[in-house]
Amino acid sequence: MQLQEIDHPTATVFRIKGRLDASSTTELEQKVLLSLDRGITHLIMDFSELEYINSAGLRILVMSYQRLSSRGGQVMVCGVRDYIAEIFEISGYNRIFVMCQNAVQAMEIIEPSSNAQ
Amino acid sequence: MTATFDFTLAHPAQEHAALLAALEQFGEQRVLMPAVRYRLGLVVDELISNCIAHGTVPGQDMTIRILVTDLEDKVEIEITDAGPKFDPSTHPISRCPEKGPAAIGGMGLYLVRNLASDLVYTRGQSSNHLRITLAKASQEPECNSRK
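Being a predicted model, the structure only gives us computed values, none of them experimental.

**Some details on the pattern of salt bridges**
- A complete count under the given rule lists 14 salt bridges over all chains for this structure.
- Measuring nitrogen to oxygen at the nearest pair gives 3.9 Å for the salt bridge that ties A:E49 to A:K17. Here the residue A:E49 occupies a position in strand β3 (residues 42-53), and A:K17 occupies one in strand β2 (residues 11-20), the gap between them amounting to 32 residues.
- When its relative accessible area of 36% is taken as the criterion, A:E49 is described as partly exposed.
- Where A:D37 meets A:R67, a salt bridge forms, and the shortest distance between an N and an O atom there is 2.8 Å. Here the residue A:D37 occupies a position in helix α1 (residues 25-38), and A:R67 occupies one in helix α2 (residues 55-69), the gap between them amounting to 30 residues.
- On the basis of relative accessibility, which here comes to 57%, the residue A:D37 falls in the exposed class.
- It is possible to trace a salt-bridge network through shared partners that takes in A:R19, A:D21, B:E24 and B:R37.

Structure follows, in structure tokens:
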């Protein structure tokens, strides 16, 4: 897994490339927890280059949702490939996360005048 | 033409990643559709993770054998482990839950139950045997959902 983190005033974008599985979830979880502890309002997960995610990866998103929803924030999941989108549908998590086409669209939702990367 | 993938984990926690890499390679060699390859990897990943997390008894044999058969219209997965009795087919199934999202606890088995087109559990004398069938045809699509 390759992980890129981009900080914005109210949101952090995590761009993840490759496989998010048992060997890589710990690294992502630690970085997400640091962002949550810094007080961000929104978390944007750019999954356009994500090839694999399992329930351990989903757990990080749900944990983030639980923390952010109490402060009025959202978890935004972007660019999910069709074959991965299936598990968001069957779990019903596509109804609690904001599903976006890409990170730019996500930033436009939370900061309508911004030009995000 | 059918093909089989046969992998035995003597030390599941240490060999889990190698299994998934080999399985991904098998899927590529067989030119499985990305969705089928993903479901295959995910189902095996979740079941082996479950064995490692809950099926370990100190001092007891933890060998797990994974046999995958790629057939014309489906992929069959057989998993045999020497752990305590555990029947995943008793885990609730509710594809596209109507009452909000599924709980995160037990999500791995929930996904397995919903991705499998068939799942049969048998308990041998001292082992669990699970046969899971994955259909190659696309499954019921979206639940977003007016059904």
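**Here we look at the side chain of B:E76**
- Counting through the fold element by element, B:E76 comes out in strand β3 (residues 74-81).
- The buried category is assigned to B:E76, whose relative accessible area is 18%.

**What to know about the environment of B:M33**
- Relative to the helices and strands, B:M33 is located in the loop between α1 (12-29) and α2 (34-54).
- In the structure, B:M33 is positioned 103 residues away from B:K136 in sequence and 8.1 Å away in space, judged by C-alpha atoms.

**Thoughts on the sheet that holds strand β1 (residues 3-9) of chain B**
All names here are of chain B.
- Sheet architecture is open: five strands sit in the order β1-β2-β3-β5-β4, paired in antiparallel fashion. One side of each edge strand has no neighbouring strand; the edge strands of this open sheet are β1 and β4 (118-123). Adjacent strand axes in the sheet meet at a mean angle of 10° when their direction is disregarded.
- Bridge count between β4 and strand β5 (residues 128-135): six bridges; the pairing is antiparallel. For V120, the partnering residue across the bridge sits in β5 and is R131.
- Each of β1, β2 (64-70), β3 and β5 is contacted by α2, which is oriented at about 10° to β3, the strand it contacts most.

Cut-off values and rules
Just so you know, the residues in each chain are numbered from 1, in the order the chain's sequence is written. The order in which chains are written sets their letters, starting at A; the order in which ligands are written sets their numbers, starting at 1. For a predicted model such as this one, the threshold for reporting local features is a pLDDT of at least 70, and the threshold for listing and counting side-chain atom pairs is 80 or more; totals across whole chains, interfaces and linings nevertheless cover every residue. By convention in this description, side-chain values take in all heavy atoms of the structure and omit both hydrogens and water. Should a side-chain nitrogen of Lys or Arg be within 4 Å of a carboxyl oxygen of Asp or Glu, the pair is scored as a salt bridge. Helix and strand assignments follow DSSP, with helices taken as H or I runs no shorter than four residues and strands as E runs no shorter than two, numbered in order from the N terminus. Each residue's exposure class comes from its accessible area (1.4 Å probe, protein chains only) as a fraction of the maximum for that residue type: buried when under 20%, exposed when over 50%, partly exposed otherwise. One requirement defines pairing of two strands: DSSP has to find at least two bridges between them. For helices, the axis comes from a line fit to the C-alpha atoms of the stretch in contact; other axes are also lines fit to C-alpha atoms, and the angle between any two N-to-C directions lies between 0 and 180 degrees. We call two residues in contact whenever any of their non-hydrogen atoms come within 4.5 Å of each other.

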